[in-house]
There are 4 protein chains.
Amino acid sequence: MAGNSFGRILRLTTFGESHGVGLGCVLDGCPAGLELCEADIQCDLDRRKPGQGPTATKRKEADRVQILSGVFEGRTTGTPIALYIANEDQRSRDYGNLAEIFRPGQADWGYFCKYGDVRDYRGGGRASGRETAARVAAGAIARKLLARQGISVLAACVALGGIAIEPDAIDMDGALERPYFAASDDAPARWDAVVAEARKAGDTLGGIVRIVARNVPAGLGEPVFDKLEALLAHAIMSVGAVKGFEVGEGFGAAGLRGSQNNDPLLPGPLGGAAGSGGDARFASNHAGGILGGISSGQEIVLRAAVKPIASIAQEQQTIDKQGNATKIVIGGRHDLAAIPRIIPVLSAMTALTLADALLLQKRMEPAG
Amino acid sequence: MAGNSFGRILRLTTFGESHGVGLGCVLDGCPAGLELCEADIQCDLDRRKPGQGPTATKRKEADRVQILSGVFEGRTTGTPIALYIANEDQRSRDYGNLAEIFRPGQADWGYFCKYGDVRDYRGGGRASGRETAARVAAGAIARKLLARQGISVLAACVALGGIAIEPDAIDMDGALERPYFAASDDAPARWDAVVAEARKAGDTLGGIVRIVARNVPAGLGEPVFDKLEALLAHAIMSVGAVKGFEVGEGFGAAGLRGSQNNDPLLPGPLGGAAGSGGDARFASNHAGGILGGISSGQEIVLRAAVKPIASIAQEQQTIDKQGNATKIVIGGRHDLAAIPRIIPVLSAMTALTLADALLLQKRMEPAG
Amino acid sequence: MAGNSFGRILRLTTFGESHGVGLGCVLDGCPAGLELCEADIQCDLDRRKPGQGPTATKRKEADRVQILSGVFEGRTTGTPIALYIANEDQRSRDYGNLAEIFRPGQADWGYFCKYGDVRDYRGGGRASGRETAARVAAGAIARKLLARQGISVLAACVALGGIAIEPDAIDMDGALERPYFAASDDAPARWDAVVAEARKAGDTLGGIVRIVARNVPAGLGEPVFDKLEALLAHAIMSVGAVKGFEVGEGFGAAGLRGSQNNDPLLPGPLGGAAGSGGDARFASNHAGGILGGISSGQEIVLRAAVKPIASIAQEQQTIDKQGNATKIVIGGRHDLAAIPRIIPVLSAMTALTLADALLLQKRMEPAG
Amino acid sequence: MAGNSFGRILRLTTFGESHGVGLGCVLDGCPAGLELCEADIQCDLDRRKPGQGPTATKRKEADRVQILSGVFEGRTTGTPIALYIANEDQRSRDYGNLAEIFRPGQADWGYFCKYGDVRDYRGGGRASGRETAARVAAGAIARKLLARQGISVLAACVALGGIAIEPDAIDMDGALERPYFAASDDAPARWDAVVAEARKAGDTLGGIVRIVARNVPAGLGEPVFDKLEALLAHAIMSVGAVKGFEVGEGFGAAGLRGSQNNDPLLPGPLGGAAGSGGDARFASNHAGGILGGISSGQEIVLRAAVKPIASIAQEQQTIDKQGNATKIVIGGRHDLAAIPRIIPVLSAMTALTLADALLLQKRMEPAG
């Protein structure tokens, strides 16, 4: 209930603070028999690693994952998989007056109101983006479960600092190889300019991430409160810095007519009762792959709005724990945008949600 | 797990199909001692009633709610509150070939893929918007729980058919008295024109709903997976026809700089450890009232994108249960837009989410 | 969280008070395609009906169940199944001073401490055994789900008023046809004598119920906190009047040696990876059909201790809501023992637990 | 859903195998502000340590607990508390043919049926009693939460190898200082004899543990499926080797008359609406401190039946993974009885259950 767990059949619990001993997670409900080793996980984790890409600071964290349980002789055993990442650099540091003031746009004020005066202020504590390393690690396992069914999840940046890629120019497939995990070849150059300008101004940038899941079988998601898009929205909006979520046409659908927004079904063999059919089944995909809360067999298409990072280099007005006005200049090494590091996180949350829905659906199949 | 329940401490379970015997819900976890009668609930339910407003069809459903349990001598007892709404008009009807074909943009295909050949196709069955009547009924109880703490939830239409109210012109307070539950006095006249045009074309419209919650104490929401915005996104996206969700600046935040998006804190007395402070505490509210997943004491501001209703009067291409191409013209009486009837539903889901977070927070208070 | 729900995949929520409008339940998670009609449920419900058997009072309640949702054309649709039983006799009655005093051995004091002064005291309100009618109704559906896999649940009385059936004489199969749902043909005559004596003394009796589940496949239950015996204990101990629970040898195992209590495995083909083998696989069944929290394929054997009914006809000492001493003589029509009416309830709870474990196990099967 | 978690508000998730890298747990939902250090936990853990007491083997495991998260400057922060115990002795060993055969009375067969051929057979893997070290560690935190309200949990051995302490001779308070955590001063000497005899015979012993919780406020537990005794039964029966559970008179109640079993209430001031009153409020405590599923303010009294350890030194008949008959002699160092090491585990599970119920009750208090 304290909200550090996510999922129903495949259930993830994360723990750890940014500058504590370490952080990690327990992933419960992974079926026995999945081949798994640390390298499978490290690979995804490295994509979230700091110090990479044009918007990054130059910190260096190795983020080596260790499997503590649940794997035996290279395969999962069906018992909980605990993953651990030690925080390597725990020297006592000077945190200045971070314990005493509330940084604008950060979780400081929220934590103070919720938990009172006991707050691990070091590097953001539990509210730090570092918590998401555990999600990415678990997401790598979810991704392996999905891959067995041929399902893949791709995420890419489609807008940064107000400069968007045209819908027609979006190419998801090569994103992991491009700077910013960009959804087109030519976007990075345009974004470099706005990044340089923001860096000079001591400011930060937001952007938009597009996520697609391919080959998702029809029938996932529950029809009322646990509609697939509701579960995905929960997952995506649980990532710090995300301020908006869309499926299919999203806010654009509000301006369409029904005749424009409906996706006609096309003739063809239906396969099994819970058969799929994929994109060939429909003339279009305004819905984003979900009908009535249930996957339709089409590509699932999501978008997430990412706010600019709150830690700007400019002086800001704020208050201290006595309620007195004060100024703050946030030093230290901070990324200029949550993009691209947030992209593997959003991808992981999508994979975890779909793997959970897939495992749950197994038992929902109509009675023989 | 089948997803017909929502909430943790205050937990709602709905049941019933559009053309079955009746529909209803069980609301578990409501504290003892709340004054409650059927009229308290009927009042909200009447706002969702069909046959009202410019976008409505002319159907007539009474939707009388009955309290079956959990209330004794006018007060809740702490036991489950069961609410029931009989479906009044259950004569056998001619459902044409609805059992045999999949209507574009509807849940038909999803249900078929998930549940196989057993599907209550009558009037949309469980996927019908009628299910939301149970949510509105339960939401009325949540609203009473919130009102005891001075918390209110308001929802209003801010865009219809592509015609939006300017941000500066938005006035939430009078919305319940206006056609379309509009957020300004002059919007209805502009919307009447686009509605008339769509009706003539046999088409339907989408729109955007804005929701605000006032006087929410700081400290609600859990910091990781159950961030308050994640719970609210889950709640709002679980309503059929909603395709997008925003908190605060939403997608707009993606184009802002950190220096523009951060909300400076203003000096003043802090009150208790979990003290609030409301809007006076901040110089702006780009965050939408949530910081680090936790309510900040400011007004919570959400937006939901509502797609155009799928049941259009035009002929559409689709397939039947054998996978053969066919045409469909949806007859019967259908609304032209989910707005305004969806607005009390979104308001109810917001109230249920906040009441649940409020009850949960009680036990999260820091140890003495 | 308020505890009116049970189960994970197959989840039951009950509602209603003894002398309210009616009572019922929502059973969520039943797979689509199960044939189901009201008569299937009524049959089990009639076994719990008051006014039957040697320990019963002469009340007459029809307890007609009505299916409100989730079934279409005689089959379940995968949506929530709501069941309702109207309380037929709701005339205003004279409840004497029941609102003002606490009956010894009843829930009155507990409810008062928990919920404060708002308590539906009429006929025990929510704490009445009447709540279990909803469990029996839902249990009938669970039983149908189990029957499809060949699994059956039997329950019978093995001791009443201190007079026990010898282990060797226990015959579970004919119990439903015997008075007291007795586990032997000759027990009822012996129990008649002790019942007559207790009735004369204005007193009540306790007893012991034995429950067996046959043909349960190996592999059900989760190995740590949700061991199958832990789930069954939760289920059985949640029935009012049950004070003890045993699996297999139970308390008797505390006095055995390991060499006596271990069940040797016998040679024979193993079948599939999750293959069963039943009782033929083991030389004995001291374990009661569960090993390491997981069903072994053997018969599951449970025992429940049932206390004597608290409503005795003798004058008792108690206190009123001011804390003052007072006497109470409980009038009205009360059973002399929870047996036999509690037996269908224990059977239903066992069936619900096993059906839930069965549906959950579907997705735990080792990865291909 | 895979059952490695327990609790609702205070939720424990354990992980780890007997001979893996290490084991541990995440305790989520502990309120902020509780003073906590590793020594607080180690103290309880040392009571479960192997190599102690008359029934123990001579293994030596240090079981040093490490707090990985959730504590800052000596106090809990409200974020998840991760605890870790490294397995110190992980050299590659000779596990003989443990991978190939099923030991009678052990979880081997159950795991094989559930998870298939992938099973960490080393030292029992996940099914080992070692998993309970994590429960004891978390239980120490629960105990600290309870102590703040003056609540204490005591557990003691009341029977071993068939030799029971007379009810009148039971003294719970000194148990932790006595061999076997015995409930009387003179029992250990009698038990020494039966232990010596069993050891000589290469056999093992069972016993009975009594648990009492003092100063539990009235009002904990939920009245239907989550009755306090149902939650406690779930907790206690989830510990391996436990085969029976009783509250209050337990199975003894089945032989009592209502007039004997009812606990009369005694006059005296009632205190607040949810006021307690403790044992002074009742003339007796046959109920064991729970009425209608809700704590009454009296001492909570439980009993657990513990089976003899399955790993006996005698040759046993069993089968291998091909279903062929084989013999097994279990070597290695094994305890002769789960008592006394299981006693801190049962105490921990009781403390976790009560702390969870206490935190949940906070939000159930009647509305003002």
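A quick note: this is a predicted structure, and the numbers were derived from the prediction, not measured. (Residues numbered from 1 in each chain as written. Chains lettered and ligands numbered in written order. Predicted model: local features only at pLDDT ≥ 70, side-chain atom pairs only at ≥ 80, totals over all residues. Heavy atoms only, no water.)

Examining the overall build of chain A
Keep this limit in mind: Only runs of H or I of at least four residues qualify as helices and only runs of E of at least two qualify as strands under DSSP, and these elements are numbered from the N terminus. C-alpha atoms define the radius of gyration, and 2.2 Å times the number of residues to the power 0.38 defines the globule rule. Think of it in three bands: with a 1.4 Å probe and only protein chains considered, a residue is buried below 20% of the maximum accessible area for its type, exposed above 50%, and partly exposed in between. A contact between two residues is defined here by any heavy atoms of the two lying within 4.5 Å. Surface accessibility in these figures is a Shrake-Rupley result with a 1.4 Å probe; residues are shielded only by whichever protein chains are displayed. Positive charge is attributed to Lys and Arg, negative charge to Asp and Glu, and no charge count is given to His or to the chain ends. The atom standing in for a charge is NZ when the residue is Lys, CZ when it is Arg, CG when it is Asp and CD when it is Glu.
A tally of regular secondary structure across chain A gives seven helices and 16 strands. For chain A, whose C-alpha radius of gyration is 21 Å, the value lies close to the compact-globule estimate of 21 Å for 368 residues. When the backbone C-alpha atoms are referred to their principal axes, chain A occupies close to 65 × 50 × 35 Å. Each of the 368 residues in chain A was classed as buried or not, and the buried ones make up 67%. By sequence separation, contacts in chain A at least 24 residues apart represent 70% of the contacts at least 6 residues apart. Accessible surface, chain A: about 11300 Å² in total, of which carbon and sulfur atoms supply 49%. Taken as two groups, the 40 positive and 41 negative side-chain charges of chain A have centres that lie 2 Å from each other.

Side note on the nonpolar core
If you look at soluble globular proteins, the nonpolar side chains tend to sit buried side by side. The test is simple: By convention a nonpolar core is built from buried Ala, Val, Leu, Ile, Met, Phe, Trp, Tyr and Cys residues, the set being connected through side-chain atoms within 4.5 Å.
Judged by nonpolar contacts, the single largest core of 391 residues is most densely connected at I342 of chain A, I342 of chain B, I342 of chain C together with I342 of chain D. Those residues in contact with I342 of chain D that lie beyond four places of it in its chain are V209, V239, G240, A241, V242 and V306 of chain D.

With respect to the sheet that holds strand β3 (residues 22-28) of chain B
Residue and element names in this part refer to chain B. Inclusion rule: By the convention used here, strands pair only if DSSP detects at least 2 bridges between them.
Spatially, β1-β2-β3-β7-β4 is the arrangement adopted by the five strands of the open sheet, whose pairing is antiparallel. This sheet does not close on itself; its edge strands, each paired only once, are β1 (5-6) and β4 (65-67). Examined bridge by bridge, strand β2 (residues 11-16) and β3 share six bridges and lie antiparallel to one another. Residue pairing across strands places R11 opposite D28, the latter belonging to β3.

A look at the side chain of Q298 of chain C
Note on placement: Q298 of chain C falls in the loop between β13 (294-295) and β14 (300-306). The residues touching Q298 of chain C, leaving out its near neighbours within four places in the chain, are G278, D279, F282, S284, N285 and G289 of chain C.

Comments concerning the relation of the copies chain B and chain C
Here is the rule: Here the copies are matched by least squares. The fit uses the C-alpha atoms of residues with pLDDT of at least 70 in both.
Turning chain B through 180° and shifting it by 0.0 Å along the axis lays it on chain C, with an RMSD of 0.0 Å. Both copies are brought into coincidence by an operation consistent with a two-fold rotation axis. Interface overlap between copies is the fraction of interface residues in one copy that are interface residues in the other; for chain B against chain C it reaches 100%, indicating a shared surface.

Side note on the interface of chain A and chain B
Threshold: Take the accessible area each of two parts loses on contact, using a 1.4 Å probe, and add the two losses: that sum is the buried area. By definition, a salt bridge exists where a carboxyl oxygen of Asp or Glu is found within 4 Å of a side-chain nitrogen of Lys or Arg. Between N or O atoms, a polar contact is any pair within 3.5 Å; within protein, one atom must be a potential hydrogen donor and the other a potential acceptor, and residues adjacent in sequence are included only when both atoms are from side chains.
Taken together, the contacts link 118 residues of chain A with 117 residues of chain B. Here chain A packs against chain B, burying approximately 8700 Å² in sum over the two surfaces, 63% of which is carbon and sulfur. The largest contributions to the chain A side of the interface with chain B come from K114, F225 and K243 of chain A, which together make up 11% of the buried area. For E197 of chain A, the salt bridge is made with R257 of chain B, and the minimal N-O distance between the two is 2.8 Å. On the surface where chain A and chain B come into contact, there are 40 residue pairs in polar contact (both at pLDDT 80 or more).

Let's talk about unusual backbone geometry
All names here are of chain B. Here the bond from I339 into P340 is cis, since omega is 10°, no more than 30 degrees from zero. In this structure, E73 is a non-glycine residue whose phi angle is positive, near 50°. Residue position: E73 is located in the loop between β5 (71-72) and β6 (75-76). Note on E73: relative accessible area 63%, which makes it exposed. Despite not being glycine, F181 has its phi angle at roughly 45°, a positive value. For F181, the location among the structural elements is in the loop between β9 (163-164) and α4 (187-200). Since its relative accessible area comes to 11%, F181 is described here as buried.

Some remarks on the pairing of β3 of chain B
All names here are of chain B. When you tally the buried positions in β3, you get seven out of seven residues, the bulk of the element. Along β3, one buried face is formed by G22, G24, V26 and D28 and the opposite face, lined by L23, C25 and L27, is buried too. Between the end of β2 and the start of β3, which pair antiparallel, lie five residues.

Considering the environment of R199 of chain D
All names here are of chain D. Note that R199 resides in helix α4 (residues 187-200). Owing to a relative accessible area of 42%, R199 belongs among the partly exposed residues under this scheme. With 112 residues separating them along the chain, R199 and S311 place their C-alpha atoms 12 Å apart. If we ignore the near neighbours within four places in the chain, the residues touching R199 are P54, T55, A56 and L336.

Spatial relationships are all this shows, so hold off on functional conclusions.
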